[in-house]
Structures are given as C-alpha cells and as structure tokens.
Amino acid sequence: MLKIYTDNTFITPANRRIIFPLLFDLCYIMNENLLKKYLLVDTIQESDIVIVPVDISWFFKNNKKKWLYDFIDKANRLDRKVWIYTAGDFGITLNKDVYTFRLGGFNSKFDEKTFILPSFIIDPYIGLKKEFMPLNKLDIANIGFVGHANGSYVKLCKEFFIYCHFNLKRIIKKSFSDYQSFYPSSRKRYQFLTALQKNIQIKTNFIFRNQYRAGANNKELREITSKDFFENINANAYTFCLRGAGNFSVRFYETLAMGRIPLVIDTDFRLPLSHLINWENHCVIATSNNFTQKLIDFHEKISDYDFEKMQISNRDLWVKHLSREAYFNEIYAVFLKN
C-alpha cells in the first residue's frame, strides 16, 4: 500500500469541489478499491506521499501561500514525495519539489513530475440510455462536431477582450494562474471545421454553436444540448477535438468514452499516462497544417477489422485507465515502483 498524509482539516463538505481528486475517493465516497491501495495515515513521518489537500489556487486566493509553502517544505525536509493539484483551464506552476497533477498546459514546459489528469466524466451512454456499439467503416471518413465555433470578427474581439480582462486580473493578483498567450479557440474551431467541410473526401456532420452549450441556462435546455452533443459523437466514427481556453479538450475524453476516434490538433499538449498508453493507437493526432490529409490517409489505410477494433479499444481504454478510479490505480503502480 501507499501511505498518504494530508491535512484533514480541509476535508469538509465545503471543499468537495476543490479537493485533490484522489482524496475525493478516499475521504468522501470511500472507494473500496482505492482504499485497498492507499492508506491514510495521521502523521507525515508515517507517510510515503504527502498530498496538499485542495487545489493550490485556494491558498493564493485566500492569502495562505505561506501555509502552502511551509507544508511542502516540511514534507521535502523529511524526503517525502509531495503531490499537488492545480485545477482550472490554466493551472499554476510552483517552483517547488512537487509532483503536479493538472488538466492541461504545454508539454514543452513540463518536467517529468507533471502528470496530466483526464477530465473525469460520467459515462455518456448512461445519459443516452444506450449501449456502446462500434460503427462500420464507410467509404469516406465521417466526422462530427457539436459545439462553440464562430468565425466572426465580433467574436474574435470579444474573446480578446475576455483574454485581456483575465490577464489584468492576473497581473493585479485578483486571479492566479500561469500565463498563456491568446488563443481564440472558437474562431480556430470554426476555421478548422470549415476546412473539413470543404473537402469532398470527408463527410461532415457539424452543428455550430455561437455560445457554450448554445447558451443553455436551465436544466431542460442543458439536457437537450447534451443529448445533441453525445448523439453526434455516437453517430460519427470520428469527432473533431481542439483545445478550449486551456490547452486540453474535455471532448477528447468524451469521444474515447463513447468508443469513437478523436481527430485532435496537437497544440503542444501532454496526454495522460503517456508512459503506459501509445496514444497514436487511439486517436488521429494532426497539426494545423495537415489535419485534413491526415484524417483522409488514416481512414484509407485502416482495415475494416482494425477500424472496429480501435473503437472497442478506445471504449476499453476509458473504462480501464481514464475514469477516476482507474487513473489512480495506474498512478499507484507508478509510485509503488518508485
């Protein structure tokens, strides 16, 4: 077992949304499988790993940065491995001897102690009330997308204003995160998608939204837009996936969960568990210059058998490696070796 120490005073109902994801399983829902591998102990001295209990942005927002650094430094002095969790689109990089768990960022800027978290989602087939079935290979690639994609200059200006406003808050210490350069994700999506639509060797099934989730502001509308979104993924062998404000895509994990094949644009991202998973076997990773031809070539070369097998493998990958319990089973194996 791995022995885990954290500050239990943070394990409160109010902190459920910001708790380190593993602690959610160990302290809130009492996941029996993970509790067989991770043992919570009462002191740092007893531990193998020390976990900062909540998203580290909490300490910055609440003027508790000294507490955070003292907690980490104490664990370092005792030669304990320290895990931290930084949530949100951008996250925070600490200049400390820690293992960082985050959703996104830039692979070229990460060290070997940075671990990417998948987006932990509920199985989409539960909401659709359907069972997973692989699709047959068609003569040409059929790709879907439902989401926020707008190519207007008005939208570009609005995104730039939001970007500037966020950075101003970061500069004056009203918000805390790593700096990222401007990336107009809605406009970029629109440009990529329209290029795919123009190619006669690709069959597209796109629904463009001018707002996130089509501006759904009540439960009924959210259910309708969610159904449209997941039905589209289910109906198409490929789904177009591009980063949002942060350098990661939730849609990427939703596509894998449904056993479909992501066409993902490489924006210097790092994918989870890359020591274990050969991601080239599960998605089409393309650049902004070759994405249409990459999809066409991939679809032409893959056999009917391997096409169906890949979909089954993607569904299996999500179930066995990318759900929260499965992911921390894999992390357990990594740190048990060390």
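The structure under discussion appears in the preceding block.
Reading the values: rules and limits
Residues numbered from 1 in each chain as written. Predicted model: local features only at pLDDT ≥ 70, side-chain atom pairs only at ≥ 80, totals over all residues. Heavy atoms only, no water. Pairing = 2+ DSSP bridges. Helix = DSSP H or I, 4+ residues; strand = E, 2+ residues; numbered from the N terminus. Axes fitted to C-alpha atoms, helices over the stretch in contact; angles between N-to-C directions. Contact = heavy atoms within 4.5 Å. Expected span 1.5 Å × (residues − 1). Nonpolar A, V, L, I, M, F, W, Y, C, P; charged D, E, K, R; others polar. Core = buried A, V, L, I, M, F, W, Y, C linked by side-chain atoms within 4.5 Å. Buried < 20%, exposed > 50% of the residue type's maximum accessible area, 1.4 Å probe, protein only. Lys, Arg positive; Asp, Glu negative; His and termini not counted. Salt bridge = Lys/Arg side-chain N within 4 Å of Asp/Glu carboxyl O. Polar contact = N/O pair within 3.5 Å; in protein donor to acceptor, adjacent residues only side chain to side chain. Parallel < 35°, antiparallel > 145°, perpendicular 65-115°, else oblique.

Chemist: Where do I start with the sheet that holds strand β11 (residues 284-286) in this structure?
Modeler: What holds strands together in a sheet is hydrogen bonding between their backbones, with the strands either parallel or antiparallel. Pairing is parallel across the open sheet formed by five strands, whose spatial order is β8-β7-β9-β10-β11. The open sheet is flanked by β8 (202-209) and β11, the only strands paired with a single partner. For this sheet, the mean inter-axis angle between neighbouring strands, taken without regard to orientation, is 20°. For strand β9 (residues 238-241) and strand β10 (residues 261-265), the ladder comprises four bridges, and the chain directions are parallel. Across the sheet, residue Cys-241 finds its bridge partner in β10, namely Val-264. Contacts from helix α7 (residues 185-198) reach β7 (141-148), β8, β9 and β10 within the one sheet, and its direction differs from that of β8 by about 150°. Along the sheet, helix α8 (residues 219-235) contacts β7, β8 and β9; its crossing angle with β7, the most-contacted strand, is approximately 165°.

Chemist: Help me understand α7 in this model?
Modeler: Note on helix geometry: an α-helix contains 3.6 residues per turn, so any two residues three or four positions apart are oriented the same way. The end-to-end C-alpha distance of α7, which contains 14 residues, comes to 20 Å, matching closely the 20 Å that a straight helix rising 1.5 Å per residue would cover. As for α7, its buried residues are in contact with β7, α6 (153-171), β8, β9, β10 and α10 (291-301).

Chemist: Got a minute to help me understand the sheet that holds strand β4 (residues 81-86) in this structure?
Modeler: The six strands are arranged β2-β1-β3-β4-β5-β6 in an open sheet whose pairing can be described as parallel. The open sheet terminates on both sides in strands that have one partner only, identified here as β2 (38-40) and β6 (114-116). Averaged over all adjacent pairs, the angle separating strand axes in this sheet is 30°, with direction ignored. Pairing analysis gives three bridges linking strand β3 (residues 49-51) to β4, with the strands arranged parallel. In the strand pairing of β4, Val-50 is matched with Val-82. Sheet contacts for helix α12 (residues 324-337): β1 (2-5), β2, β3, β4, β5 (99-102) and β6; angle to β6, the most-contacted strand, approximately 155°.

Chemist: Would you mind showing me how to read the packing of α6 against α7 here?
Modeler: Relative to each other, α6 and α7 sit at 145°, their axes nearing to 8 Å. Every residue of α7 that contacts α6 at Tyr-153, Lys-155, Leu-156 and Glu-159 is listed here: Ser-185, Ser-186 and Arg-187. Residues of the contact of α6 with α7, tallied by class, amount to two nonpolar, two polar and three charged.

Chemist: Explain the nonpolar core to me, please; I cannot follow it from the model alone.
Modeler: Looking at soluble globular proteins, one finds that nonpolar side chains tend to be buried together. By size, the foremost hydrophobic cluster in this structure holds 64 residues, and its most contacted members are Tyr-38, Trp-83, Phe-101, Trp-279, Phe-328 and Ile-331. Among the elements that make up this core, the one with the highest residue count is α12 (six residues). Ignoring sequence-local partners within four residues, the contact set of Phe-328 consists of Phe-20, Pro-21, Leu-22, Leu-34, Tyr-38, Phe-101, Leu-117 and Phe-120. Core analysis: the next-biggest nonpolar cluster, separate from the first, contains 25 residues, Ile-143, Phe-240, Ile-261 and Ile-296 among them.

Chemist: How should the side chain of Asp-55 be read in this particular structure?
Modeler: Residue position: Asp-55 is located in the loop between β3 and α3 (57-61). Nearest to the buried, unbridged Asp-55 among oppositely charged side chains is Lys-61, at 5.4 Å. Only 2.8 Å separates the side chain of Asp-55 from the side chain of Ser-57, close enough to count as a polar contact. What Asp-55 contacts, discounting residues up to four positions off in sequence, is Ile-18, Tyr-85, Thr-86 and Ala-87.

Chemist: Which parts of the structure should I look at to understand the packing of helix α9 (residues 250-257) against helix α11 (residues 304-322)?
Modeler: Helix-helix packing is described using two parameters, namely the angle between the two axes and the distance between the axes. At a minimum axis distance of 7 Å, the contact between α9 and α11 shows a crossing angle of 110°. Relative to α11, the element α9 lies roughly perpendicular. Facing Tyr-253, Leu-256 and Ala-257 of α9, the residues of α11 in contact are Asn-314, Arg-315, Leu-317, Trp-318 and Leu-322. Considering only residue class, the contact of α9 with α11 consists of six nonpolar, one polar and one charged.

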